[in-house]
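# Structural characterization, general
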Amino acid sequence: MIRSAVLSSVALLALAACNAPESANTPDAKASETVAPAVVADAASATVLTPLGYGPLKIGMTQAEVDAAVGLPPANAAEAEPSECRYYHPPRAPAGMLVMVENGILTRLTATKDATVKTEDGVGVGYDGEQLKARYGAAATVTPHKYQGAPSAYVTLWPGKPQLQGAYVTDPTARGLVYEIGQDGKVAFIHAGGPSIQNVEGCS
C-alpha cells in the first residue's frame, strides 16, 4: 500500500515536471537573449562618429530634436534666428564636439582638439595625416588648406559614392567626412554630415 502511494506521488511529480513551462523556449526568454546583443551594439555605435551622426545626434534632425538629445544651445547661439546658422557645443554633447544647425536642421558635427570620439575606422583628432592619406588612397580627395601651407590639407570622403569625389557636393542627401589636417601634420578637426562639411569657415 505504501509502495503504491509512493509510486503515485512520483508519477504525479513527473507529470507536473513534464507540463511545466520551459523558460528557455518561451518568447520572453528568447527576447531576452536577443536584447542584450542589441543593447551592446547600440552602445558601441553611440561612441562612433559617422557621416550620419553620433549617438543620439542624427544629421537631418530638427533644432528641437537636437535640443532634446543634448540640451539647449548657449545664449550666444540661441540668439540667432532659426533661419540662420548656429554652430556651438551643446551642454550634453561629448567634449570637443560642435553641432551645426542651419535653417533649423542639423547639417554637420565637428570633432575638435578636445574630442576623444573616433570614426568607424578608428581615426580621431591627432591621427597622423600621412597615414590617413595612405589609408584611404584614391577613395579620398585631398585638397590644399585654404589658409595654411602643407602639410595642412583637407581629406574628403563620400563613402559609397565615388562619383562625388573631387567635386563640390551640393546634394542635401549626401553624407560624408572631412578630415582637416593641421600644420603639425595631424588631424585637427573631423567634420561629419552633409554638404556643410565642405565649409572652411564654420557656417560659411
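Structure: above.
Conventions and cut-offs
- Residue positions within a chain follow its written sequence, with the count starting from 1.
- Where local features are concerned, this predicted model is filtered to residues with pLDDT of at least 70; where side-chain atom pairs are given and counted, the filter is 80 or more; whole-chain, interface and lining totals use all residues.
- Neither water nor hydrogens contribute to the side-chain values; these are computed over all heavy atoms in the structure.
- Secondary structure counts use DSSP, requiring at least four H or I residues in a row for a helix and at least two E residues in a row for a strand, with both numbered from the N terminus.
- Contact definition: two residues touch when any of their heavy atoms are within 4.5 Å.
- All accessible areas in this document rest on Shrake-Rupley with a 1.4 Å probe, and a residue is counted as covered only by the protein chains that are shown.
- The cut-offs for exposure are 20% and 50% of the maximum accessible area for each residue type, with area from a 1.4 Å probe on protein chains only; residues under the lower value are buried, those over the upper are exposed, and the others partly exposed.
- By definition, the arc is the one covered by directions from the helix axis to the C-beta atoms.
- Think of a polar contact as two N or O atoms within 3.5 Å of one another; within protein, one of them needs to be a possible hydrogen donor and the other a possible acceptor, and neighboring residues in sequence only count if both atoms come from side chains.
- Here a cavity means grid points, on a 1 Å grid over the protein atoms only, where a 1.4 Å probe fits yet cannot get out; a pocket means an open set of points with protein on both sides within 12 Å along at least five of seven lines; lining residues are those with an atom within 4 Å of a point.
- Grid points are joined across faces, edges and corners, and a volume is the space filled by probe spheres set on the points.
- Three classes are used: nonpolar for Ala, Val, Leu, Ile, Met, Phe, Trp, Tyr, Cys and Pro, charged for Asp, Glu, Lys and Arg, and polar for all others, with Gly counted as polar.
- Strands are labelled as partners when DSSP assigns at least two bridges between them.
- To get an axis, a line is fitted to the C-alpha atoms, and for a helix only the part in contact is used. The angle between two axes follows their N-to-C directions and goes from 0 to 180 degrees.
- We define the nonpolar core as a collection of buried residues of types Ala, Val, Leu, Ile, Met, Phe, Trp, Tyr and Cys that are connected through side-chain atoms lying within 4.5 Å of one another.
- A pair of sulfur atoms, both from cysteines and within 2.5 Å, is called a disulfide here.

### Things to note about the overall build of the protein chain
Looking only at helices and strands, one finds 5 helices and 11 strands in the protein chain. Counted over contacts in the protein chain with a minimum sequence separation of 6, partners at least 24 positions apart contribute 47%. Working note: accessible area of the protein chain is about 11,500 Å², and carbon and sulfur atoms make up 61% of it.

### Here's the deal with helix α5 (residues 129–136)
Turning to α5, its buried residues are G129, L132 and Y136. End-on, the buried residues of α5 take up no more than an arc of 55°, which puts them together on one face. In α5, the exposed residues that point more than 90 degrees away from the buried face are E130 and A134. Of the residues that open α5, the one with a side-chain oxygen 3.2 Å from the backbone nitrogen of E130 is D128. Positioned one or two residues after α5, G137 has a phi angle of 50°, which is positive.

### A short note on helix α3 (residues 63–70)
Each α-helix turn comprises 3.6 residues. Residues three or four places apart therefore point the same way. For α3, every residue scored as buried is listed here: Q63, V66, D67 and V70. Here the buried residues of α3 occupy an arc of 100° about the axis, which is enough to place them on one side. Away from the buried face of α3 by more than 90 degrees, exposed residues A64 and A68 are located. Those residues of α3 hidden inside the fold are in contact with β3 (57–58), β4 (85–88), β5 (97–102) and β6 (105–111). Looking one or two places after α3, you find G71, whose phi comes out positive at around 100°.

### Notes on the layout of surface pockets
Here the largest pocket is characterised by a volume of approximately 370 Å³. For the largest pocket, the lining is made up of 25 residues, of which Y154, T156, V178, I197 and Q198 are closest to its centre. For the lining of the largest pocket, the elements supplying multiple residues, two or more each, are β6, β8 (141–144), β9 (153–157), β10 (176–181) and β11 (187–193). Residues belonging to the lining of the largest pocket are distributed by class as follows: 11 nonpolar, 11 polar and 3 charged. By volume, the second largest pocket is sized at about 160 Å³.

### Focus on the sheet that holds β9
The 7 strands lie next to each other as β4-β5-β6-β11-β10-β9-β8, forming an open sheet whose pairing is antiparallel. A single partner strand is all that each edge strand has here, and the edge strands are β4 and β8. Neighbour to neighbour, the strand axes of the sheet diverge by 20° on average, direction disregarded. Two elements, β9 and β10, share 5 bridges in a ladder whose sense is antiparallel. Paired with A153 across the strands is I181, a residue of β10. Together, β4, β5 and β6 form the strand contacts of α3, whose direction differs from that of β4 by roughly 15°. Along the sheet face, α5 touches β8, β9, β10 and β11 and points at about 150° away from the line of β10.

### Describing the environment of M97
Tracing the backbone shows M97 in strand β5. Sequence separation of M97 and T112 is 15 residues, and the distance between their C-alpha atoms is 6.1 Å. Each residue touching M97, except ones within four places of it in the same chain, is listed here: L49, Y54, L57, Y88, H89, P90, T110 and V117.

### Brief notes about the nonpolar core
In this structure, L49, L57, L106, L109, L132 and Y179 are the most contacted members of the largest nonpolar core, which totals 31 residues. For this core, the secondary structure elements donating two or more residues are α3, β5, β6, α5, β9, β10 and β11. Setting aside chain neighbours within four positions, we find L57 in contact with L52, V66, A69, V70, M97, V99, L106 and L109. In this structure, Y154, W158, A174 and V178 belong to the second largest nonpolar core, which totals 7 residues.

### Focus: the state of the cysteines
The full count for this structure, using the stated rule, is 1 disulfide. Note that C85 is cross-linked by a disulfide to C203, the S-S spacing being 1.9 Å. Sign of the S-S torsion, about -70° for the bond between C85 and C203, identifies this disulfide as left-handed. Placement of C85 in strand β4 and of C203 in the segment after β11 is noted, with a sequence separation of 118 residues between them. Under the relative-accessibility criterion, C85 is labelled partly exposed at 23%.

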